[in-house]
Amino acid sequence: MRLFNRYALSEIRLCDVCDGHDFEQLAHLRSPRIPDYSAPVAICRSCGFVTVRPRPNSSAYREINRRWYPFKFSADPPSDKDPDKKFRKWRTMWDRIETRYADGPRQVLDIGAGQGWAIEFLKSKRPSLAAVAIEQWKPSQDYIRNELGAEVVDVDLNEDWPASLGGRFELVIFRHTIEHLEEPLKALRQIHRCLADGGYAYIVCPNAETIRPDRAVRTDFLRPVHLHYFNRTTLQRLAIRADLVADVFDSRGELWGLFRKRRDNEPVGDVAGENSYERQRKFLAQRLRGARWRDLISSARMGVRHFLARSPLATVADD
Ligand SMILES: [Zn+2]
């Protein structure tokens, strides 16, 4: 279903995880939020990494993000007062990291900080917390600076982050962000640079091997703002390329781990050479088959909406 694609797909890169170039196409993603976009999702035969390939160029991808994100932040403004909504995922983080930060971390870097609620939560553990947020959304920047007293760095995550962040942080938060980045390895290398000795990066992303069987895949799990779909092998392999190793790693639901700098000459274990292609391909093929009708109905609805929006008979604009 590439009928209504408004964006050229021109970017072809080597595999981020293994530098391979032997990819197999799995499916085309579509979304009711951006019905005039479709992109092929492919798997690397040499390591099992799943990624959009070919993908839109940087400016097209930025436009896709701009179209997607107003939905998210208008529903969840930084000033929201509901503690359950604000802190649920940060309580989960705390359950996972608490044993390593008895009274809360002293210096935190939150990458793609959103509304700043992780910093707000951690300040309840240690009020003197020194925090830096990398965030480009203006209302969030104001809230983080003025209400939370934290430093805001206004930089695109794909660019070089300021050198002043180097070696400073006991905790780096990188939650549901890596799957959006055009250069995920570059970001992990920058995280390595920002970590203090003994510090950890809390890295979380969706798991391409735990999609629920009742979920639409092409029209929901695969989504325009995600460029990559990691599994336990590919996330750890990519981290190892950045000299980051996980002391704790869990792949039962979403993928999450506590990563630290690899020590000199420290062995990295079997995962560094693991090829997850057979395992990952089999799982996704099964889920794609199972979601066939759900995806088809969703795509048909998008087609109708798109047609009505273009037709001179339509009285209401689609966006
Ligand atoms: Zn690969």
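Residues numbered from 1 in each chain as written. Predicted model: local features only at pLDDT ≥ 70, side-chain atom pairs only at ≥ 80, totals over all residues.

1. Here we look at the sheet that holds strand E8 (residues 151-153)
Here comes step 1: Here we have 7 strands laid out as an open sheet, ordered E8-E7-E6-E9-E10-E13-E12, and mixed in their pairing. Edge strands, defined here as strands with exactly one partner in the open sheet, are E8 and strand E12 (244-250). Adjacent strand axes in the sheet meet at a mean angle of 20 degrees when their direction is disregarded. (Pairing = 2+ DSSP bridges. Helix = DSSP H or I, 4+ residues; strand = E, 2+ residues; numbered from the N terminus. Axes fitted to C-alpha atoms, helices over the stretch in contact; angles between N-to-C directions.)

2. Quick notes on the packing of helix H2 (residues 83-97) against helix H3 (residues 117-125)
Here comes step 1: H3 packs onto H2 with a crossing angle of 70 degrees between their chain directions and a minimal axis gap of 9 Å. The orientation of H2 with respect to H3, classified from their angle, is roughly perpendicular. Touching Lys-86, Phe-87 and Trp-90 of H2 are Trp-117, Ala-118 and Phe-121, all from H3.
Here comes step 2: Its residues assigned to classes, the contact of H2 with H3 comprises 5 nonpolar, no polar and 1 charged. (Parallel < 35°, antiparallel > 145°, perpendicular 65-115°, else oblique. Contact = placed C-beta atoms within 7 Å. Nonpolar A, V, L, I, M, F, W, Y, C, P; charged D, E, K, R; others polar.)

3. Looking at the domain arrangement of the protein
Here comes step 1: Domain boundaries in the protein define domain 1 (9-75 + 277-310) and domain 2 (83-273).
Here comes step 2: Taking only C-alpha atoms into account, the centre of domain 1 sits 23 Å from that of domain 2.
Here comes step 3: With 35 residues of domain 1 at the contact, the number on the domain 2 side is 25 residues.
Here comes step 4: Going through the elements one at a time, strand E2 (23-31), strand E3 (34-44), strand E4 (50-52), helix H1 (58-75), helix H8 (277-290) and helix H9 (292-310) are the ones with two or more residues in the side of domain 1 that touches domain 2.
Here comes step 5: For the side of domain 1 that touches domain 2, the per-class residue count stands at 19 nonpolar, 10 polar and 6 charged. (Domains from an automatic or database assignment.)

4. Notes on helix H5 (residues 184-194)
Each α-helix turn comprises 3.6 residues. Residues three or four places apart therefore point the same way.
Here comes step 1: Residues Pro-184, Ala-187, Leu-188, Gln-190, Ile-191 and Cys-194 constitute the buried set of H5. The arc that holds the buried residues of H5, viewed along the axis, is 160 degrees, so those residues lie on one side.
Here comes step 2: Where H5 is buried, its residues meet strand E6 (107-111), strand E9 (169-175), strand E10 (195-205), strand E11 (228-229), helix H7 (232-241) and E12. (Buried ≥ 20, exposed ≤ 12 C-beta atoms within 10 Å, placed from the backbone. Arc of directions from axis to C-beta.)

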